[in-house]
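Take a look at the letters that make up each chain.
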Amino acid sequence: MLETFYDVMRRQGISRRSFLKYCSLTAAALGLGPEFAGKIAHAMETKPRIPILWLHGLECTCCSESFIRSAHPLAKDVILSMVSLDYDDTIMAAAGQQAEAIVEETIKKYDGNFILAVEGNPPLNQDGMSCIIGGKPFLDQLTRVAKHCKAIISWGSCASYGCVQAAAPNPTKATPVHKVIHDKPIIKVPGCPPIAEVMTAVVTYILTFEKFPELDRQGRPKMFYSQRIHDKCYRRPHFDAGQFVEHFDDEGARKGYCLYKVGCKGPTTYNACSTIRWNEGTSFPIQAGHGCIGCSEDGFWDKGSWYARLTDIKPFGIEANADTIGIAAASTVGVAIAAHAAASAVSRAKANQSNQPVTTKGQGE
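Rules used in this analysis
- Residues numbered from 1 in each chain as written.
- Predicted model: local features only at pLDDT ≥ 70, side-chain atom pairs only at ≥ 80, totals over all residues.
- Heavy atoms only, no water.
- Buried < 20%, exposed > 50% of the residue type's maximum accessible area, 1.4 Å probe, protein only.
- Helix = DSSP H or I, 4+ residues; strand = E, 2+ residues; numbered from the N terminus.
- Pairing = 2+ DSSP bridges.
- 1 Å grid on protein atoms, 1.4 Å probe; cavity = no way out; pocket = protein on both sides within 12 Å on 5 of 7 lines; lining within 4 Å.
- Points joined across faces, edges and corners; volume = space filled by probe spheres on them.
- Nonpolar A, V, L, I, M, F, W, Y, C, P; charged D, E, K, R; others polar.
- Phe/Tyr/Trp six-rings, centres within 6.5 Å; stacked < 30°, edge-to-face > 60°.
- Salt bridge = Lys/Arg side-chain N within 4 Å of Asp/Glu carboxyl O.

### Describing the pairing of strand β2 (residues 83-88)
Here comes step 1: When you tally the buried positions in β2, you get five out of six residues, the bulk of the element.
Here comes step 2: One ladder, built from five bridges, connects strand β1 (residues 50-56) with β2; its direction is parallel. Each bridged residue has a counterpart across the sheet, and for W54 the counterpart in β2 is D88.

### Re the layout of surface pockets
Here comes step 1: Estimates place the volume of the largest pocket at around 320 Å³.
Here comes step 2: Lining the largest pocket are 16 residues, with I50, P51, N113, K150 and E210 sitting closest to its centre.
Here comes step 3: Where the lining of the largest pocket is concerned, the elements lending two or more residues are β1 and α9 (196-209).
Here comes step 4: Split into classes, the residues belonging to the lining of the largest pocket amount to 10 nonpolar, one polar and five charged.

### Regarding empty space enclosed by the protein
Here comes step 1: For the structure on display, the rule yields four cavities of 30 Å³ or more.
Here comes step 2: What the largest cavity holds in volume is close to 90 Å³.
Here comes step 3: The wall of the largest cavity is formed by H230, C233, R235, R236, F239, C258, L259, Y260, C264, G266, P267 and I286.
Here comes step 4: Broken down by class, the residue content of the lining of the largest cavity amounts to eight nonpolar, two polar and two charged.
Here comes step 5: The calculated volume of the second largest cavity comes to roughly 60 Å³.
Here comes step 6: What lines the second largest cavity is a set of 10 residues, and nearest its centre among them are I52, W54, F67, V83 and V203.

### A short note on the packing of aromatic side chains
Here comes step 1: In the structure shown here, the tally under the stated rule is 12 aromatic pairs.
Here comes step 2: Consider the rings of F244 and Y260, whose centres lie 5.9 Å apart with planes at 55°: the pair is tilted. You can see F244 sitting in the loop between α12 (236-240) and α13 (251-254) and its partner Y260 sitting in the loop between α13 and α14 (322-354), a full 16 residues away along the chain.
Here comes step 3: Residue F244 is classed as buried on the basis of its relative accessible area, which comes to 6%.
Here comes step 4: Three or more aromatic residues link up through ring pairs in this structure, and these residues are F36, Y205 and F209.

### Considerations on the pattern of salt bridges
Here comes step 1: Counted by the stated rule, this structure contains 12 salt bridges.
Here comes step 2: Where R69 meets E65, a salt bridge forms, and the shortest distance between an N and an O atom there is 2.8 Å.
Here comes step 3: Taking relative accessible area as the criterion, R69 reaches 49% and is therefore assigned partly exposed.
Here comes step 4: R236 is paired through a salt bridge with D231; the nearest N and O atoms lie 3.9 Å apart.
Here comes step 5: Because the salt bridges share partners, they merge into one network encompassing R228, D231, R236 and D240.

From the geometry alone we can't say anything about function, so treat these as descriptive.
Here you go:
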């Protein structure tokens, strides 16, 4: 019988009060109201830890690197208390035949009741020989484990979309998980890598509510991928004002102007970077002075230079792109001034003809 999360915390000497505080912080991290803290506490007290098999295909391990840096909740709490991470060849102590035996043991013991987490993707060319796990192609391991899992989490853009190893001409035929596995629910958590707190929050949500969070049309959790980075970017007012960095380290860059003209893909990228940020909320690429490369979007690796600006971005719903925004804003002010002056001239002309005093609104006459 698996321990519950609460059992583990109590065994570690954590007080009831600290446990409830943790549940409140977890609800906040998930973007839920305070009334959900009680539901999270109930789930942690009554539900056993979820068994997880974390497989690695073609990837650089950046998703694991991101995951272990989560601060809310801490990755160690997720791994050691919230879930039963039975297999992860990157961080587990076992190796070789002992490690692979754990996969078979979990399948047998929790058939249909464990989560399959996938980092990376399977290559299909050359009979899958570009990625060998335990002496067999990764595709074999993936399809076998997927048959017995309850659901799949595709960590990062590699598992979600293919990412850099699937870039044209894709000689290994690296293929995202959902194009290989068709009969299991799959949640995509893209990014290169995903934000640490997004990863741990997805696990916490599944544990608490025993279901996936609401997903968008691409299979991503809406609570993290429903808004463009551009929508909540602190540089957005500069975009709206037509104030842009023309080239790196120019005066506009020093003033923190919008990075659109040096290639920022924030207006077309859906992610929580501009709100949750990275390294415990310290910063994100745009804050560090580099435009978003759109790494959580499908095909970002084959869409040309990361420093080539987007075209046809329409702020305010008007038919103008960022090149003309500043000019349009200035022109609007100029036209308003000219119209006011013309109206004043007409009023004076009429007044002179009738020898009547003139009162022009806004001029204090």
